[in-house]
Amino acid sequence: MKISQNPIRKDVIIIGAGASGLICAIEAGKRGRSALVLDHGRRIGNKVRVSGGGRCNFTNVNMGYEHYISQNPYFCKSALARFAPDDFISMLNKYNIGYYEKEDGRLFCKKSSGEVVDMLYKGCKLAGVDVVLNCKGNAIDKQDCFIVSTDKGLLESGSLVIATGGLSYPELGATDAGYRIAEQFGIKVTPMKPGLVPLKFGHNDSRTFSELSGISTAVEVNCNNARFKGDMLFTHHGLSGPAILQISSYWNKGDEITINLLPDINAYDFFSARRQSRMEMRNLLSQFFPKRFADKWCELNMRSRAVYQYDDKELKSVAHKLHNWVIKPAGTGGYSKAEVTLGGIDTNELSSKTMESKKVKGLYFIGEVVDVTGHLGGYNLHWAWASGFVAGQYV
């Protein structure tokens, strides 16, 4: 669609052609509302395309508010109750998109995330939604209606939806536009930081562990009363992998994280049952860890020798260290490595039923721009679907 020089009037203007914006547009269009989606990018659904390694981890069967982080942990309950995983699956079924379930209830497309993007595009067309890409917004004004000035002309609407996403994935076009719009209208924004992001070692630890880059092991990590089990991956600069990404959302600069390297066994009981073993400790630990890691861990924590040569106090000490490896990250990989943005539009400013601003009638915020951040595993995309869906019922 081309925008003329004369102002074009729509019922709804949605800024952002991502997951939440497109679902919102489809639902508004189904209600007979004239809807227009604007985006500064060249194509729709950029973050959807990269989700799940290109397979689109579109939701999780274990959906619940406890999988979300927010200053108001209950804010998301209403939207999640009204748009469940089965609702999105019904959409996939209508378009004959195959999917499958992986561990922890994560659902993925059998083919590619492009199928979901195509579904959203077709849904917009069927609902009569116009999408304008490569469109730069210049200013927004609110009089009797919203007036959106763009490099392609003027637009007017009764409702304006901000679906601009967070600050993560700047290479995909992420900007702070949504937060600036909130500021313009006097809407509070909570402090923000990268979430689901790799953690970086300090200089000394980086030198110590750099040779382990590429090694992965199953762990349980703990920080600020949050606890996650999963794989931990050593990188050239620090730690990554699902368990680390999860705990990063709870980590603040200066915090320590505790890593249980053997979460599924009692190390002391295991050693006690092998007190007479002549196997070297590092070789014994190689039953659980990649050999390079077992060697390095023993080098840093004790002198490896035959198990029978350790007394009871030493075995307890080794076991304790295995269950309580404490590290103090120097920082994170930043927004360029983060999957999501923690914080955002203060939920106290919005109706949990409609996602509409309490201060500015007709102004809505949905998706990642809002202070609702999911755990790893399809929760963030589902928040986009759910928040977009409920806003679409009211715009």
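Before going into details, it helps to say that this report is about the structure given with it. (Residues numbered from 1 in each chain as written. Predicted model: local features only at pLDDT ≥ 70, side-chain atom pairs only at ≥ 80, totals over all residues. Heavy atoms only, no water.)

Remarks on the overall build of the chain
The condition is simple: In this description a helix means any DSSP run of H or I spanning at least four residues, a strand means any run of E spanning at least two, and both kinds are numbered starting from the N terminus. Think of it in three bands: residues with accessible area under 20% of the maximum for their type are buried, residues over 50% are exposed, and the middle band is partly exposed, with areas taken using a 1.4 Å probe on protein chains only. Any pair of residues with heavy atoms lying within 4.5 Å of one another is described as a contacting pair. Only the protein chains shown count as covering a residue, and every accessible area follows the Shrake-Rupley method with a 1.4 Å probe. When charges are counted, Lys and Arg are positive and Asp and Glu negative, with His and the chain ends excluded. For charged residues, the charge sits on one atom: NZ in Lys, CZ in Arg, CG in Asp, CD in Glu.
Across its full length, the chain holds 13 helices and 21 strands. The principal-axis extent of the C-alpha atoms belonging to the chain is close to 85 × 40 × 35 Å. In the chain, which comprises 395 residues, the proportion classed as buried is 53%. A fraction of 72% describes how many contacts in the chain between residues 6 or more apart in sequence connect residues 24 or more apart. On the chain, roughly 17,600 Å² of surface is accessible, and the fraction owed to carbon and sulfur atoms is 46%. Charge centroids of the chain, computed over 49 positive and 39 negative side chains, lie 2 Å from each other.

Side note on the nonpolar core
Selection criterion: Put simply, a nonpolar core is a bunch of buried Ala, Val, Leu, Ile, Met, Phe, Trp, Tyr and Cys residues held in one set by side-chain atoms that sit within 4.5 Å of each other.
With 79 residues, the main nonpolar core has V116, F365 and W385 as its most contacted residues. Of the residues forming this core, the biggest block, nine residues, is contributed by helix α13 (residues 379–392). In this view, W385 contacts A19, I23, V48, F58, F83, F88, V116 and L120; residues no more than four positions away in its chain are not counted. Ranked by size, the runner-up nonpolar core spans 41 residues in total, among them A226, M232, A319 and I327.

Observations regarding the pattern of salt bridges
Basically, it comes down to this: Salt bridges are defined as contacts in which a side-chain nitrogen from Lys or Arg sits within 4 Å of a carboxyl oxygen from Asp or Glu.
Applying the stated criterion across every chain yields a total of 15 salt bridges. In this structure, the salt-bridge partner of E27 is K30, at a minimum N-O distance of 3.4 Å. Here the residue E27 and the residue K30 both occupy positions in helix α1 (residues 19–30), the gap between them amounting to three residues, near one helical turn. In this structure, the salt-bridge partner of K47 is E368, at a minimum N-O distance of 2.8 Å. With K47 in helix α2 (residues 46–50) and E368 in the loop between β20 (363–365) and β21 (373–374), this pair connects stretches of sequence that are 321 residues apart. Through salt bridges with shared partners, one network takes in E211, K296 and E299.

Let's talk about the environment of E339
Position of E339 relative to the elements: it lies in the loop between β18 (331–332) and β19 (340–342). The sequence separation of E339 and S51 amounts to 288 residues, and the corresponding C-alpha distance is 9.1 Å. Look past the residues within four positions of E339 in its chain and what remains in contact with it is S168, Y169, G195, L196, L245, E368 and L376.

Some thoughts on the pairing of strand β13 (residues 216–223)
This is how it is decided: Here the rule is simple: two strands pair whenever DSSP picks up at least two bridges between them.
The sheet contact formed by β13 and strand β14 (residues 226–234) spans eight bridges and is antiparallel. Paired with T217 across the strands is M232, a residue of β14. Counting the residues in the hairpin turn of β13 and β14 gives two residues, including N224, whose phi is positive at 50°. As paired elements, β13 and strand β16 (residues 257–260) share three bridges and run antiparallel to each other. Across the sheet, the residue bridging to N222 is T258, located in β16.

With respect to α1
Note the following rule: Here, expected helix span is obtained from the residue count minus one, scaled by 1.5 Å.
The end-to-end C-alpha distance of α1 is 17 Å, a good match for the 16 Å that 12 residues give at a rise of 1.5 Å each. With respect to burial, α1 is a largely interior element, 11 of its 12 residues being buried. Listing the buried residues of α1 in full gives A19, S20, G21, L22, I23, C24, A25, I26, E27, A28 and G29. Two residues or fewer after α1 comes G32, characterised by a positive phi angle close to 85°.

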